[in-house]
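Residue-level structure breakdown
Take a look at the letters that make up each chain.
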Amino acid sequence: MSCKTISVLTSGGDAPGMNAAIRAVVRSSIANGIRVLGVRRGFNGLINGDIFEMNLRSVSDIIHKGGTVLYTARSPEFRTSEGVQKAAQVCKGLGIDGVIVIGGDGSFRGARALSRRGIPCVGIPGTIDNDVACSEYTIGYDTAMNTAMEMIDKIRDTAQSHDRCSIVEVMGRRCGDIALNTGIAVGATAILVPEVKYDMDRDIIDRIKFTQNIGKKHFIIIVAEGLKNVNKISKEIKRRTGIDSRTTILGHVQRGGSPTLRDRVMASEMGCMAVDMLIKNINNKIIAIKNNKVIYMDISKALSVKKHFDIELYKKALNISI
Ligand code: ATP
């Protein structure tokens with residue numbers, strides 16, 4: 001079957017660079033003579049038929065913008081077989097030959113459910129957490145890390161002026177990649193991630209005391225969001241070391257902002273590749289980065305991959321943050 005109409009949606013949490021991916025999908029579809037339909041608010045838009053035709057100018061002036069011009073959503077209805085069925089019917093009614101889903105693992109489960117109803121899908125990893133296991137990199141991750149680093153640099157200035165300890169929570173519910181990399185980049189004394197069980201004495205208090213004894217007067221502790229205990233850690237540091245400790249939860253600031261060059265280029269490359277795959281009838285795959293190369297994998301296989309955490313880098317971080 002030749003591919004005449006493609007639709008594109010963004011789903012799950014938004015991520016800087018999603019717009020660059022949408023732009024690439026739209027422009028590369030049109031360059032190949034394919035009609036392209038934008039779906040608003042993720043799978044909700046597919047169910048409700050909130051779908052519109054896009055042209056070359058629909059994606060003007062968005063490559064540098066965070067968020068997603070297609071909006072995004074979490075769709076509880078799409079988790080039901082009735083919801084998926086409805087969406088598949090809408091796709092068939094509009095003559096959609098393929099759906100490009102930009103999002104995280106949850107969104108790819110949705111894409112798999114849709115593909116099982118006969119609608120070809122291709123997934124593009126877009127989520128700031130870098131928690132898509134099959135891919136070394138997800139769109140938005142680089143921007144989020146750079147935003148976190150810039151914010152923590154500012155916090156560091158004030159921690160230094162007051163001889164304080166700053167405990168900063170960064171995003172990452174189940175994935176410590178943002179915490180690890182920003183922790184290295186800001187010279188954090190301790191980095192707590194969901195993948196490594198921590199011990200309050202060994203990993204925080206003893207490290208602070210040791211560095212204090214060799215002249216350090218201010219401290220940054222990075223905690224991944226999934227651990228949910230920045231306030232407890234702060235109180236414990238104050239109680240055990242006497243150092244004035246403050247917490248900052250960076251939160252959604254990490255989701256927004258202009259995407260970095262890396263995110264824009266990756267998103268553009270992946271967007272073009274997704275269209276190319278649908279044209280070639282390479283369906284029901286997830287695009288991923290492996291060994292720094294853009295590849296694709298079957299959705300089910302991609303979803304069964306276990307996320308790798310770079311424990312060697314984590315050990316190096318501990319050795320140099322002293
Ligand atoms: P992020 O990493 O930013 O949270 P995500 O894509 O993993 O992104 P989820 O909220 O897990 O975000 O999933 C997005 C949407 O995908 C859900 O709201 C739901 O509509 C759909 N989805 C998730 N799991 C399934 C499933 N098993 N079957 C059908 N649809 C699903």
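Quick summary incoming for the structure in this document. (Residues numbered from 1 in each chain as written. Predicted model: local features only at pLDDT ≥ 70, side-chain atom pairs only at ≥ 80, totals over all residues. Heavy atoms only, no water.)

1. Regarding the overall build of the protein
Just so we agree on the cut-off: Helix and strand labels come from DSSP, where a helix needs a run of H or I of at least four residues and a strand needs a run of E of at least two; each type is numbered from the N terminus. A radius of gyration in this sense is built from C-alpha atoms; the matching globule rule multiplies 2.2 Å by the number of residues raised to 0.38. Partly exposed residues are those whose accessible area sits between 20% and 50% of the maximum for their type, while under 20% is buried and over 50% is exposed, using a 1.4 Å probe and protein chains only. A contact between two residues is defined here by any heavy atoms of the two lying within 4.5 Å. Here Asp and Glu are counted as negative and Lys and Arg as positive; His is not counted, and neither are the chain ends. Each charge is placed at NZ for Lys, CZ for Arg, CG for Asp and CD for Glu.
Along the protein, the regular secondary structure elements total 11 helices and 11 strands. Rg of the C-alpha trace for the protein: 22 Å, near the compact-globule value of 20 Å for 322 residues, within the 12% margin. Expressed along its principal axes, the backbone C-alpha trace of the protein runs to roughly 70 × 35 × 35 Å. When the 322 residues of the protein are sorted by exposure, 54% land in the buried category. Within the protein, residue pairs in contact and separated by at least 24 positions form 74% of the contacts whose partners lie at least 6 positions apart. Here the protein contributes 46 positively and 32 negatively charged side chains, and the mean placements of these two sets differ by 2 Å.

2. Details of the environment of Asn 283
With respect to the element layout, Asn 283 can be found in the loop between helix H9 (261–279) and strand E10 (285–290). Separated by 160 residues in the primary sequence, Asn 283 and Gly 123 place their C-alpha atoms 9.5 Å from one another. What Asn 283 contacts, discounting residues up to four positions off in sequence, is Pro 120, Cys 121 and Leu 278.

3. Observations concerning the sheet that holds strand E7 (residues 190–192)
Within a beta sheet, neighbouring strands are joined by backbone hydrogen bonds and run either parallel or antiparallel to one another. The line we're drawing: A pair of strands is labelled paired if DSSP reports no fewer than 2 bridges between them. All axes here are fitted lines through C-alpha atoms, helices being fitted over the stretch that makes contact, and every angle between N-to-C directions spans 0 to 180 degrees.
Strands sit in the order E7-E8-E6-E9 across an open sheet of four strands; the sheet is parallel. Each end of this open sheet is capped by a strand with a single partner; those strands are E7 and strand E9 (245–249). Each neighbouring strand pair of the sheet contributes to a mean axis angle of 15°, computed without reference to strand direction. Where strand E6 (residues 165–170) lies against E9, five bridges are found, and the strand directions are parallel. Residue Ser 166 lies in a different strand from E9, and its bridge partner there is Arg 246. Those strands touched by helix H5 (residues 141–161) are E6, strand E8 (219–224) and E9, and its axis lies near 165° from that of E6. Contacts from helix H7 (residues 200–213) reach E6, E7 and E8 within the one sheet, and its direction differs from that of E8 by about 160°.

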